Amino acid sequence: MSKIIGTPLPNIPWEDKPANYNMPIWRYSKNPVIHRHDMPHANSIFNSAVVPFNGGFAGVFRCDSRGLSMDLYAGFSDDGLNWKINTEPIQFIGADEEILKKEYRYDARVCFIEDRYYITWCNGYHGPTIGIGYTFDFKTFYQLENAFLPYNRNGVLFPRKIGGYYGMLSRPSDTGHTPFGDIFFSKSPDMEFWGHHRYVMGTFRGDASAWQSTKIGAGPTPIETDEGWLLIYHGVINTCNGFVYRMGAALLDLDEPWKVKYRSKFYVLGPEELYECVGDVPNVVFPCAALTDADTGRIAIYYGCADTVTGLAFTTVDDLLEYVKKNNLEL
Ligand code: BMA
C-alpha cells in the first residue's frame, strides 16, 4: 500500500474501476466532461488544469476561440464535473508591459504552493516558453517573468519546496511541432530565477517502449507519495499519420526528483475512444491536472482529448504505482 502525502478531498469526482478491467487508469463513463462548445465562443476546450477551491473546484482552461486564438480562461465547478467557464480570457497584471503582451497562451498547469495558486503555461514570447503567474481567488491574476528563454514547453511546478527551493519540470523544445524532447528539472529561490538544471528522463529509442520514442513532457503537478513523486506524463511516437500522444507514469526520488526510480514501459492510457481519436488533432490524450484524495488514495486525471474536448479518468495511487513497478522500463 502506498500513501499520498497531501490533504483529504472527500468530494473528489469518482467512479469505481469497471469489473474485469485490466488497465491502471479508467475513463469517466460520461466523458468528455467538457465539450468543445461549453464556452460560447470556443472552438475547443482541452489541455486544462483544475484544483480544489473554496469547497468546490476552480480551473484554468485552454479555450481556442473560433479565430483559433489560444488563450486561458478561468472556470468554476461545485462537483468537478459540471463547469462554468468565464467568457473572457484571464487578464494578467504585472510589473512589466513587455512580459504581459500576449502572443498566445496554452496548456496551463495549476499548482497550490504555500498560500496561492501558481499557474504555468506555454507562453508565446518570440517562440514558446514557460509563463508563470499566480492567483489567490481566480479573479485577479498576477504574471511573473517567464521562467526560461524560448523555446520551452510543459513547465510543471512541484507543490512544495524541495531542499529549500521551488522546483519545476520542463521540456526544452523548438518553434514548431518539436520532433524531440526530454524532461529536465530546474530550481529557483524566488519563482523568478531558475537554474541548477538536471536531466530527469528522455525519449526511449528502443522497440520495447516505442510509444515514447519521439518526445515526452510532464503532465499534472507531481503527486507526493511516501515512495516518491508520482509523475504522470505524455509520450509521443511519430507515425505515418503524424504524432500520437499517450500517457505514462514514473516515480521520482522525493529529495532529488531528477532521479527516476521507476518508469512505465507500457503506456497507462492511450487514445482509443472516438473523442480521443477524432478531433482537431487526432489521437491525442494530454494530461494536465490530477486531483488527489490523501485518505483513499484516489486520483482524478483531467486530460485533453484530440485537442478538442476535455476528458476525466480515474486511478488510485496503488493501481498506478503497482503497474509502473511491475512494468518498469529498464534503461
Ligand atoms: C503539442 C501542444 C499541445 C497539443 C499537442 C497535440 O505540441 O501543442 O497543446 O495537445 O501538441 O497537438
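Residues numbered from 1 in each chain as written. Predicted model: local features only at pLDDT ≥ 70, side-chain atom pairs only at ≥ 80, totals over all residues. Heavy atoms only, no water.

## Some thoughts on the pattern of salt bridges
Note on pairing: side chains with opposite charge can pair once their charged atoms come close.
Phase 1: Tallying each qualifying case throughout the model produces twelve salt bridges.
Phase 2: Of the charged contacts, one joins Lys-17 and Asp-319 as a salt bridge, the two residues approaching to 2.8 Å between their closest N and O atoms. Linking Lys-17 in the segment before β1 (26–27) with Asp-319 in helix α3 (residues 317–326), this pair joins segments that are 302 residues apart in sequence.
Phase 3: On the basis of relative accessibility, which here comes to 32%, the residue Lys-17 falls in the partly exposed class.
Phase 4: Connected through salt bridges with shared partners, the residues Arg-62, Asp-64 and Asp-107 form a single ionic network. (Salt bridge = Lys/Arg side-chain N within 4 Å of Asp/Glu carboxyl O. Helix = DSSP H or I, 4+ residues; strand = E, 2+ residues; numbered from the N terminus. Buried < 20%, exposed > 50% of the residue type's maximum accessible area, 1.4 Å probe, protein only.)

## Section: the layout of surface pockets
Phase 1: Space inside the largest pocket adds up to approximately 620 Å³.
Phase 2: Taken together, 25 residues make up the lining of the largest pocket; nearest its centre are Thr-7, Pro-52, Phe-112, Pro-159 and Thr-292.
Phase 3: Where the lining of the largest pocket is concerned, the elements lending two or more residues are β2 (42–53), β7 (105–113), β16 (223–225) and β20 (285–293).
Phase 4: Here the lining of the largest pocket takes five residues from β20, the largest share from any one element.
Phase 5: For the lining of the largest pocket, the residue count by class is 19 nonpolar, four polar and two charged.
Phase 6: Around the second largest pocket sit 28 residues that line it, and Tyr-106, Arg-153, His-177, Tyr-245 and Asp-307 are the ones nearest its centre.
Phase 7: Contributing elements (two or more residues each) for the lining of the second largest pocket: β2, β3 (56–65), β7, β8 (116–124), β11 (152–157) and β18 (242–252).
Phase 8: When its residues are assigned to classes, the lining of the second largest pocket shows twelve nonpolar, eight polar and eight charged. (1 Å grid on protein atoms, 1.4 Å probe; cavity = no way out; pocket = protein on both sides within 12 Å on 5 of 7 lines; lining within 4 Å. Points joined across faces, edges and corners; volume = space filled by probe spheres on them. Nonpolar A, V, L, I, M, F, W, Y, C, P; charged D, E, K, R; others polar.)

## Side note on the nonpolar core
Phase 1: The biggest cluster of nonpolar side chains holds 39 residues, and the ones touching the most others in it are Ile-85 and Phe-138.
Phase 2: Contributions of two or more residues to this core are made by β2, β3, β4 (70–77), β7, β8, β20, β21 (298–305) and β22 (309–316).
Phase 3: It is β2 that contributes the most residues to this core, six residues altogether.
Phase 4: In this structure, Ile-85 is in contact with Ile-34, Met-39, Ile-45, Phe-61, Cys-63, Tyr-73, Ala-74 and Gly-75, ignoring residues within four places of it in sequence.
Phase 5: Membership of the second largest hydrophobic core comes to 24 residues, among which are Ile-25, Leu-269, Tyr-303 and Leu-321. (Core = buried A, V, L, I, M, F, W, Y, C linked by side-chain atoms within 4.5 Å. Contact = heavy atoms within 4.5 Å.)

## Some points on the sheet that holds strand β13 (residues 183–188)
Phase 1: Reading across from one edge, β11-β12-β13-β14 is the order of the four strands in this open sheet, with antiparallel pairing throughout. Edge positions in the open sheet fall to β11 and β14 (195–201), since each of these has one partner strand only. Pairwise comparison of adjacent strand axes, ignoring direction, gives a mean angle of 30 degrees for this sheet. (Pairing = 2+ DSSP bridges. Axes fitted to C-alpha atoms, helices over the stretch in contact; angles between N-to-C directions.)

## So, the pairing of strand β15 (residues 215–218)
Phase 1: Burial along β15 is two-sided: Lys-215 and Gly-217 facing one way and Ile-216 and Ala-218 facing the other are all buried.
Phase 2: With four bridges connecting them, β15 and strand β17 (residues 228–239) associate as antiparallel partners. Counted as the bridge partner of Ala-218 is Tyr-233 from β17.

## A short note on the site of the ligand
Phase 1: In the neighbourhood of the ligand, the contacting residues comprise Asn-47, Arg-62, Tyr-106, Asp-107, Tyr-245, Val-281, Val-284, Phe-286 and Asp-307.
Phase 2: One of the side-chain nitrogen or oxygen atoms of Asn-47 is found 2.9 Å away from an oxygen atom of the ligand.
Phase 3: Contact between the ligand and Tyr-245: an oxygen atom at 3.0 Å from a side-chain N or O atom of the residue.
Phase 4: Put simply, the ligand lies in the second largest pocket.
Phase 5: Residue composition of the shell around the ligand, by class: five nonpolar, one polar and three charged. (Near = heavy atom within 4 Å. Polar contact = N/O pair within 3.5 Å; in protein donor to acceptor, adjacent residues only side chain to side chain. Sits in = over half its atoms within 2 Å of the grid points.)

## What about the packing of aromatic side chains?
Phase 1: Counted by the stated rule, this structure contains 27 aromatic pairs.
Phase 2: For the pair Phe-138 and Phe-141, a centre-to-centre distance of 6.2 Å together with 80 degrees between the ring planes defines the contact as edge-to-face.
Phase 3: The class for Phe-138 is buried, based on a relative accessible area of 2%.
Phase 4: Take Phe-141: its relative accessible area is 3%, and that puts it in the buried class.
Phase 5: An aromatic cluster of at least three residues, connected via ring pairs, comprises Phe-53, Phe-76, Phe-92, Phe-112, Tyr-117, Trp-121, Phe-138 and Phe-141.
Phase 6: Seen from the ring of Tyr-165, Lys-187 lies directly overhead, with NZ or CZ sitting 4.4 Å from the centre. (Phe/Tyr/Trp six-rings, centres within 6.5 Å; stacked < 30°, edge-to-face > 60°. Lys NZ or Arg CZ within 6 Å of the ring centre and 35° of its normal.)

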